[in-house]
Structure formats: C-alpha cells, structure tokens
Amino acid sequence: MDNDIFEKIKKEAESFFSLSHHDRFHTERVYNVAVRIAEEEHADVDVVKAAALLHDVARALEDEGKIDDHALEGAKKAREVLETVDFPKEKIPAALHCIEVHRFRKGMEARSLEAKIVQDADRLDIIGAIGIARVFTRGGWGNKPIHDPAIPPKAKYDGRSLTSVNHIYEKILNVKDTLNTKTAKKIAKERHRFVEHFLERFMNEWKAEI
Amino acid sequence: MNGKRKSKCTHGDDMKREQLQLVEKYSKAQMDKLGLYGWPHVKRVLHLCVRMARMSREKHVDLDVLKASALLHDIAKHLHKKDTAFDHGDMGAKLAEAFLEECRLDRGKIDAICHAIRAHTHFEEPISVEAKILHDADFLDKLGAVGIATVFIKACLTNVTIEEVLESFELESEKRSFVMKHIGWIKNPHLYTETAQNIAEKRNNIVSAFFGELKKEVELKDV
C-alpha cells in the first residue's frame, strides 16, 4: 500500500500525543517491531501498520484521568483518522480490533494474527533495556521510589506498582509468558535475560555488595 | 534541636551507638526534605563507605568519622537554590558542626567529619582517608545500574527521551544538560582511592552492557 497514507496516519497520531515525546517514540518503536514481525509471520502488513501507529492515541487522556481505557477510546479515535485518510474501508475493522485488544493489563484476547502482532510489539517495548529505561522515566513522572526493600512486590500486577523495582517484578518479568507469536517469543528471550541480569546488579549495588 | 543543656553525646574517643542514631535521625529529617531519592542515596553511600573501609589497605580508618560524614554529607542539599554560588558541602559542614557541637562530640572528630563533608563537593581537596572514601562512595553511587536508573529519572524530569539519552551516551557532546552531566560522570569517574577504581570498573560493565543492549533493541538488531 502507498506509503503516503501511513505518513498521514502518523501525522494524525502525533497530534494526539502529549507534550512529552515519550508516546511518539514508543509508537515509533512499536511500529518498527510490529512491521518486522508482520513480515516474518505473513500477516496483513497494512492493518498492522495502521494499528501500530494509532494504538496509543488515547493514552494521554487516560494518563490525565479523563478516560478509563485508552484502548477502547483509542479505537474510536482511530476510526475517525482512518476514515479521514481514506484507509481501505474493508481493512478498518481489522485495524480497530488490534487497537481494542492491545492493552496489557486488560488481558483481552486477540482474535486475529494482526492483533496478536500489535500486542506482541507493544509488549516487547516493555521488556529489555528499553523496558528498564521506561520504568524509570515513568517512575520519575509519578515521583515513585526507585526501590524499597520494605515493600515486597505484589503477587499480581494491578497497574499501580509502588516502586520502580516492584514494577519490574510485577510486570516486566511476566511479559515473556504473555506473547502470542513465535517471532516475538524469540526476540523476548534475550531481552528478558537482560532484565534479570540488570536487576541482579541493581540489587547488589543497592546493598553495597560489590 | 532540643535541650541545649542536656548533652546528646558523651565525651570520649568513640561515638556511642546512641550518638550515631541521633546523627542518623537528624540526617534523615534533612534528606526527606529533598524528596524521595535523598535518604536511600545516603544509606547506600553509608554502606558503601563501610565496605570500602574494610576493603581498603589503609591501616587507620576512623569508622565514626566515616559513618557520621556519610550520614551528614548531603544535609544541606535541600537548601540549594538554582544559579547561586551555594555549595552544599560547605553549608552541610557548617550545619553538621553546629549539630555535632551540640552533641559535644570530640573537637577532633567534628573537624574530621566537616573536612570530609566539605571535600565531597570539592570545596576542599580531600586529604584524610575518610574524606577520600566518602567522596568516592558518593561518586560510585552515580555509576552502575543505580546510576542508569538515576539518568532516566533525570531524563524524565527534563523531558529527554530514551533515544536522546542513548545518543548522549554515544556522542561526546558539549551540551552540559542535567542528563549529559550525569553521563559524563559515568564515562569519566573522578576517584581518589584504588578500592573505588576497582568497584567503578565493575559498575561500568553493567552500564556498557545496558547501552549496548539498548542500541541493539532500538535499532532492531535483535529482531
């Protein structure tokens, strides 16, 4: 499909992002990974591209507490964008499905290969060195403690980890078991291993063990 | 501070456990004014100081001086105002001196503690072994995995993206932003003791591994 249309979608998507550049860069990374996986898994690349570009357009609204679920709201906004840029009508429902079910916490079922790929690409951005960097940039926003040995990690992730380190335990280390595609699982292996390695070093430093 | 007549610390060569507890309590109260990251930093530096003293080949390290100065080194940091010539080491030493005098701590110990506090910000050159260890322990806390966490918290506060941090790490830049300055410390640590240099090497390994991995992921080399 013509690349112009994706440039237009990208431009529209960026108008939704908050002043911080984090959403834009996250989207770009997810897009790049999603396209690779889509090619590898012989999925509909157009659908994956459109969904990846638009998957977080309502994220800022959720962060500001204006909406509850950025996936559902994002799909609504995405429909408007896709209709405006003349994205093929028959592919719109498939792209919206990807956006509706992409969210980690809700654990919604991805019914199509394309939706599975967008979920995977989004989740691969949670782990690895990128994931670690994101934890602390997010933690910084909320002015969250980095680590507190007196606060043990919760057994189940509820979206409100009390420290950045607990966020790693509660969410990041569980991501690899939630992936759908073979390609994503393969990428996740090394990224997961790196998070474990980093965490081990971090804990040693925290305790001044050398 | 309560009751000037009632001595908080007793005379003698060694600080007692209660005396150190008072210093700790005072320090925590000051550090908490700095926000969430102040007190955990002081505790890490304290533990690192003690460990470095044990590892050090120096025969005489005064643990009282080392522990007290580690606890007190950043007590004036919350008073810092932007764009002033304020030095939190110098101011911290003044506050520490007043507090420790009230505790009636040995003059010699007070002076040694204040020297270490002043030296950690280079207000004075570190001369004593305790001052060198404190300076280095404080510096080591900027490095390694904990240093990476700090870099990204700083990046977030100044609206710098992950990609920009990676770029700053790879390029020598003249820009002295909040984040760049920290990356400069990581890349060229300034240390006085051999013990610290060995620890720094180990902490550098995780930093190199981290940025190598980050580059690979961002550039999709692992996909």
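Counting starts from 1 at the beginning of each chain's written sequence and moves along it residue by residue. Chain A is the first chain written and ligand 1 is the first ligand written, with later ones labelled in order. Local features in a predicted model are, by the rule used here, given only for residues with pLDDT of at least 70; side-chain atom pairs are given and counted only at 80 or more, and totals for whole chains, interfaces and linings are based on all residues.

J.: Is there a simple way to think about the domain arrangement of chain A in this case?
T.: One frequently used descriptor of interface size is the decrease in accessible area upon assembly of the parts. Residues and elements named next belong to chain A. The domain boundaries here were taken from an automatic or database domain assignment. As far as domains go, chain A holds domain 1 (1–106) and domain 2 (126–210). Centre-to-centre separation of domain 1 and domain 2, based on C-alpha positions: 25 Å. Listed as interface residues are 6 residues of domain 1 and, on the opposing side, 6 residues of domain 2. Tallied by class, the residues present in the side of domain 1 that touches domain 2 amount to 1 nonpolar, 1 polar and 4 charged. In this description, any two residues whose backbone-derived C-beta atoms lie within 7 Å of each other are considered to be in contact. Three classes are used, and their members are as follows: Ala, Val, Leu, Ile, Met, Phe, Trp, Tyr, Cys and Pro are nonpolar, Asp, Glu, Lys and Arg are charged, and the others, Gly among them, are polar.

J.: I tried to follow the domain arrangement of chain B on my own but got confused; where do I start?
T.: Residue and element names in this part refer to chain B. You can read the domains of chain B as domain 1 (17–128) and domain 2 (144–218). Taking only C-alpha atoms into account, the centre of domain 1 sits 25 Å from that of domain 2. The partner domain 2 presents 4 residues to the 4 residues of domain 1 that form the contact. Here the residues of the side of domain 1 that touches domain 2 sort into 3 nonpolar, 1 polar and no charged.

J.: Help me out: how do you make sense of the packing of helix α7 (residues 144–157) of chain B against helix α9 (residues 178–187) of chain B in this one?
T.: Relative orientation and spacing of two packed helices are given, respectively, by the angle between their axes and the distance between those axes. Residues and elements named next belong to chain B. For helices, the axis comes from a line fit to the C-alpha atoms of the stretch in contact; other axes are also lines fit to C-alpha atoms, and the angle between any two N-to-C directions lies between 0 and 180 degrees. Elements are defined by DSSP. Helices are runs of H or I of four residues or more, strands are runs of E of two residues or more, and each kind is numbered from the N terminus. One way to put it is that α7 packs onto α9 with a least axis distance of 9 Å and a crossing angle of 165°. Accordingly, the angle class assigned to the pair α7 and α9 is roughly antiparallel. Note on packing geometry: the crossing formed by α7 with α9 is left-handed. Contacts from Gly147, Thr150, Val151, Lys154 and Ala155 of α7 reach α9 at Phe178, Val179, His182, Ile183 and Ile186. Should an angle lie under 35 degrees it is considered roughly parallel, over 145 roughly antiparallel, and from 65 to 115 roughly perpendicular; all remaining angles are considered oblique. By convention, the crossing between two helices is left-handed when the near helix turns anticlockwise from the far helix through less than a right angle, and right-handed when the turn is clockwise.

J.: What's the story with the nonpolar core in this structure? I'm lost.
T.: Across soluble globular proteins, nonpolar side chains show a tendency to be buried alongside one another. Put simply, a nonpolar core is buried Ala, Val, Leu, Ile, Met, Phe, Trp, Tyr and Cys residues tied into one set by C-beta atoms within 7 Å. Exposure is read from a count of other C-beta atoms within 10 Å of each residue's own; the residue is exposed at 12 or fewer, buried at 20 or more and partly exposed in between. C-beta atoms are placed from the backbone. Counting 123 residues, the largest nonpolar core has Ala34(A) and Ile113(B) as its most contacted members. Counting residues per element, this core draws most heavily on α7(B), at 9 residues. The residues contacting Ala34(A), other than those within four sequence positions of it, are Val48(A), Ala52(A), Ile117(A), Val118(A) and Ala121(A).

J.: I'm lost on the interface of chain B and chain A in this one. Help?
T.: Counting from both sides, the interface comprises 31 residues of chain B and, opposite them, 33 residues of chain A. If you list the elements that add at least two residues to the side of chain B that touches chain A, you get α2 (38–55), α7, α8 (162–170) and α10 (194–218) of chain B. The biggest single contributor to the side of chain B that touches chain A is α7(B), with 9 residues.

J.: Help me out: how do you make sense of the environment of Ala58(A) in this one?
T.: Residues and elements named next belong to chain A. Mapped onto the fold, Ala58 is located in the loop between α3 (45–54) and α4 (59–63). For the pair Ala58 and Phe198, spaced 140 residues apart in sequence, the C-alpha to C-alpha distance is 32 Å. Residue contacts for Ala58: discarding those within four places in its chain leaves Ile67, His70, Glu73, Gly74 and Lys77.

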